[in-house]
Amino acid sequence: MAETTTETTKNAPLLAADGTPLRRKLEQALFVSRMRALGLVAPLLAFILAVFIIPIVYFMIQGMHNPVYADRMPNSTPILQAWDGQSPVTEEMAEAMVKDLILTRDNREIGRVATRVNQEFSGARSMFTSSARKAERMEPPFLEALVDADKDWGKQEVWRAIKVAATSWTPAYYLAALDFQYAGDGSITRQDAERRIHVALFVRTMEISLIVTISCFVLGYPVAWLLAELPVRKANLLMILVLLPFWTSILVRTTAWIAMLQGQGVMNDLMVFTGLNQVILQISMLFNDYKDLTVSSLCGIDVNAALGSIPAAVEKFGASPPGTLTRCGAEILAAFEQGGESGARSHAEALAASAQRWGYGDERFSMIYNKLGTIIAMTHILLPFMILPLYSVMKTVPPSYLRAAKSMGATNWTAFWRVYFPQTIPGIGAGALLVFILAIGYYITPALVGGQDGQMISNFIDFHMRRSLNWSLAAALGGVLLIIVLFFYWLYDRIVGIDNMKLG
Amino acid sequence: MRATSQGMDMTADKAADAFVEFERVQKSYDGETLVVKDLNLNIGRGEFLTMLGPSGSGKTTCLMMLAGFETATHGDIRLDGKAINNIPPHKRGIGMVFQNYALFPHMTVAENLAFPLEVRKLSKADIETKVGRALDMVQMKAFGGRRPAQLSGGQQQRIALARALVFEPELVLMDEPLGALDKQLREHMQYEIKHLHERLGVTVVYVTHDQSEALTMSDRIAVFNDGVIQQLAGPATLYEKPENAFVAQFIGENNKLRGRVENIEGSHAVIALDNGPKVKALAVNCGGIGKPTLLSIRPERVILGPEAGETALKGRVVELIYLGDHIRCRMEVAGDDEFIVKVPNNHAHAVLQVGEETPIGWVVDDCRALDAA
């Protein structure tokens, strides 16, 4: 029977009762219901298109396209673009520049142009505004007149920087987002070592996101398991506790962590009260992580120098210097810088004298306004996003699987690891992807509790959006971030498979 | 009657060589009610014992206590002479088949079968031969590489069976393993499990609420109700000689007539039915004179028409249902219109009409006077 059917379809298409081909008839029949379904989702589709897709495309373009200069400097733009960036600056270029300066000064646009060029070469702002003031009175030869107004006009690299600003479509911002410099002659070089901040920031962002994801998994997995196993009444109560953070403002939650973790905060008080700080200190000294926990705390102190000065204090106090170690370390370091080793020693001795007043052993840890604080607060805020998918998957794993495994001779651990755990992988994948992607673009928490070394890329984007007003660089940074997220999504699909993801 | 004697023989010699023993076992979940009340049960080596009962009767709890997933509140459970109350499930070496098979969905069929062998740290070669043999045993040789989700219900059932047997346990527990299958497949699997049991000689403890399943497969059946074993006997005994009203009702179809004991003469009693006539019955479990009792007669043991003989009552036909091999006749007897008679569809059977009155009767020993439940 099956064979004859295939044969018929091969030879001649099946016809409906009224003679039209069956396939077309089916499509006609489905068309109306499909249109109706589309009508239902159309408002959302339009909404997403208007407020999500179009802005994303727009800002991706903004990262490559900046017409501020080209729109306002009509005379110099074509000439600069035609210039190869190598041959000497011509009188023609200077004349066009002077015309443009007069023009922009008259229509009061010179400030914006100057800001734009300043992004390529700092110092350009004053050069442009002061030259523009003098431009009306300039006489040919214009190049010399310009150099008279500001000697920077005589430098070729300044003109190259202006050429970059004059190019509306430019890879400069994306390259800058990756710590490369795009010069006017089309050459691409790495940024100077001290200005390479973006790549390090991206790496740190990913590092924090990864740590947060792992912490969420480690903390969330047992909770999700408990939720799935407990009787309904207790599970509901626990579920409310899990969801409680969702109902609290993110600002409140983050601020609560400040109260918890700050130097005179609850956690530090508790540790001093119980003596736990001493234990942690001793342990961290064993592992030689002293600097990470205490002195440096990423407050911009040169760790090695501070460490070098600390033996004096240690000598005086035995195992640990007194007071808040961060402050202590900084003071010793300052003393070291002023008076050398003997200065540091005498300062350490002065600290020792005041140690009696402070009370010995109340070392407090810097747990907030640094990377640690960011990680703790973000883990707390993102935890539900890990627990909920895990819970929904665990709920579907029947307890009989574990029983079956045990009846076959598996220990509790083997039964968990070989039978239960593999079946929760879709939930782990979903939770991890959710948390990681949310974390990688997180803004408000690092802004509040991140201090210096807890800042993430979003905070930098914010900086360029609101402070430096370099929107194109902000757009390029956002674009790179988007590409990174898509890359992780692709990686996840390759390793785990996106069909394996279960969000609930 | 051959089946009966065979069943009885097995009962005798299996119980003597107790492999699994429940001694005064009690179980409570909430500390207020007992789910299992004072359970005493010996299961012989190589026996196929079924725990049969309605849901909530305590049968599954007993199985779970034996498997080690529930602990007994009181009493001892012994396996091969050793108390196992404090041995964790994974050290008991008991094979188990679960209601919904519990095949691990992330492993192939072969990996599922290899699992109990791997946790026992057998060598790769050993595992391979044993898995192959187990697949052979359930005629699933070609399916080793498939995932459980790619198998039909019956195939999954076979794999679950093979997995419970692959590590050669001496005792296999089955918790309503056929519950999820359709009727035809269920019957087929019943025979298959029965044959497997005969071939391998393992001890099987089987839990079900389906009495026909229990009758088909078991050497002995323990009928559970309300946390107590109501009767423990072979299938034939259980059906033909129920000891109380619950068992008579639960196993097979049963007619009940309510009455009061008028007189007891040796092993027989004279019962006055609530609605008039007096009948003679086998006094099984009916208490003394004046006590209420329930008469139990199997529908196929009722004799219709002139042959009805000594205990003849009058019955009025209420409904006739044609069922092919027999005709199901609902009658009104002594004021009760739920009295069922199965009339075999043969040349000799009486032709009945709805509304017709006919004498009905039975052999006295077929009418059993039981407790008035």
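Numbering of residues begins from 1 in every chain and follows the order in which that chain's sequence is written. The order in which chains are written sets their letters, starting at A; the order in which ligands are written sets their numbers, starting at 1. In view of the model being predicted, local features appear only for residues whose pLDDT reaches at least 70, and side-chain atom pairs are presented and counted only at 80 or more, with totals across whole chains, interfaces and linings using the full set of residues. Calculation of side-chain values draws on the structure's entire complement of heavy atoms; hydrogens and water are dropped beforehand.

Digging into the overall build of chain A
Helical segments are the DSSP runs of H or I of at least four residues, strand segments are the runs of E of at least two, and each set is numbered from the N terminus. A tally of regular secondary structure across chain A gives 24 helices and two strands. Three labels apply to residues, based on accessible area from a 1.4 Å probe with only protein chains included: buried if under 20% of the type maximum, exposed if over 50%, partly exposed otherwise in between. The burial tally for chain A puts 40% of its 504 residues in the buried class. Contact definition: two residues touch when any of their heavy atoms are within 4.5 Å. Taking all contacts inside chain A whose residues are at least 6 apart in sequence as the whole, residues at least 24 apart take part in 70%. Entry remark: accessible area of chain A is about 27100 Å², with carbon and sulfur atoms responsible for 64%. Working definition of accessibility: Shrake-Rupley area with a 1.4 Å probe, residue cover restricted to the visible protein chains.

A few points about the UniProt feature "transmembrane region" (unreviewed entry) in chain A
Residue and element names in this part refer to chain A. Cross-referencing UniProt, the feature "transmembrane region" (unreviewed entry) maps to residues 37-61, 208-228, 235-258, 270-287, 372-391, 428-449 and 469-492 in the present numbering. Between the end C-alpha atoms of residues 37-61 there is a gap of 33 Å, over a span that is 100% helix and 0% strand. Between the C-alpha atoms that bound residues 235-258 there is a distance of 30 Å. The span itself is 92% helix and 0% strand. UniProt positions are given in the numbering used here, feature names are shortened, and annotations may be inferred rather than shown by experiment.

Quick notes on the sheet that holds strand E9 (residues 220-225) of chain B
Residue and element names in this part refer to chain B. Any two strands between which DSSP finds at least two bridges are classified as paired. Read across the sheet, six strands follow the order E6-E7-E8-E3-E9-E10 without closing on themselves; strand pairing throughout is mixed. Two strands lie at the open edges of the sheet, namely strand E6 (94-97) and strand E10 (228-233), each paired on one side alone. Adjacent strand axes in the sheet meet at a mean angle of 20°, parallel and antiparallel pairs treated alike. One ladder, built from four bridges, connects strand E3 (residues 48-52) with E9; its direction is parallel. Looking at the pairing, Met-51 lines up with Ala-222 of E9. Strands E6 and strand E7 (171-175) of the sheet are contacted by helix H5 (residues 153-165), whose axis makes an angle of about 170° with E6. Axis angles are defined between N-to-C directions and span 0 to 180 degrees, where every axis is a line fitted to C-alpha atoms and, for a helix, only to the segment in contact.

Regarding the interface of chain A and chain B
Contacts between chain A and chain B engage 16 residues on the former and 21 residues on the latter. Buried area: the accessible area, evaluated with a 1.4 Å probe, that two parts lose upon being put together, summed over both parts. Interface area for chain A against chain B, summed over the two sides, is near 1700 Å², with a carbon-plus-sulfur share of 68%. Counting the surface chain A buries against chain B, the share from its top three residues, Arg-403, Met-408 and Arg-418 of chain A, is 41%. Salt bridge, as applied in this entry: a Lys or Arg side-chain nitrogen positioned within 4 Å of an Asp or Glu carboxyl oxygen. Connecting chain A to chain B are two salt bridges. Here Arg-418 of chain A makes a salt bridge to Glu-118 of chain B, at a shortest N to O gap of 2.9 Å. The term polar contact refers here to a pair of N or O atoms within 3.5 Å; inside protein, the definition further demands a hydrogen-donor-capable atom paired with an acceptor-capable atom, and it admits residues adjacent in sequence only when both atoms are side-chain atoms. Inspection of the chain A/chain B interface yields three residue pairs in polar contact (both at pLDDT 80 or more). Counting residues per element, the ones that place at least two in the side of chain A that touches chain B are helix H20 (399-407) and helix H21 (412-440) of chain A. When residues are grouped by polarity, Ala, Val, Leu, Ile, Met, Phe, Trp, Tyr, Cys and Pro land in nonpolar, Asp, Glu, Lys and Arg in charged, and all others, Gly among them, in polar. Residue composition of the side of chain A that touches chain B, grouped by class: seven nonpolar, six polar and three charged.

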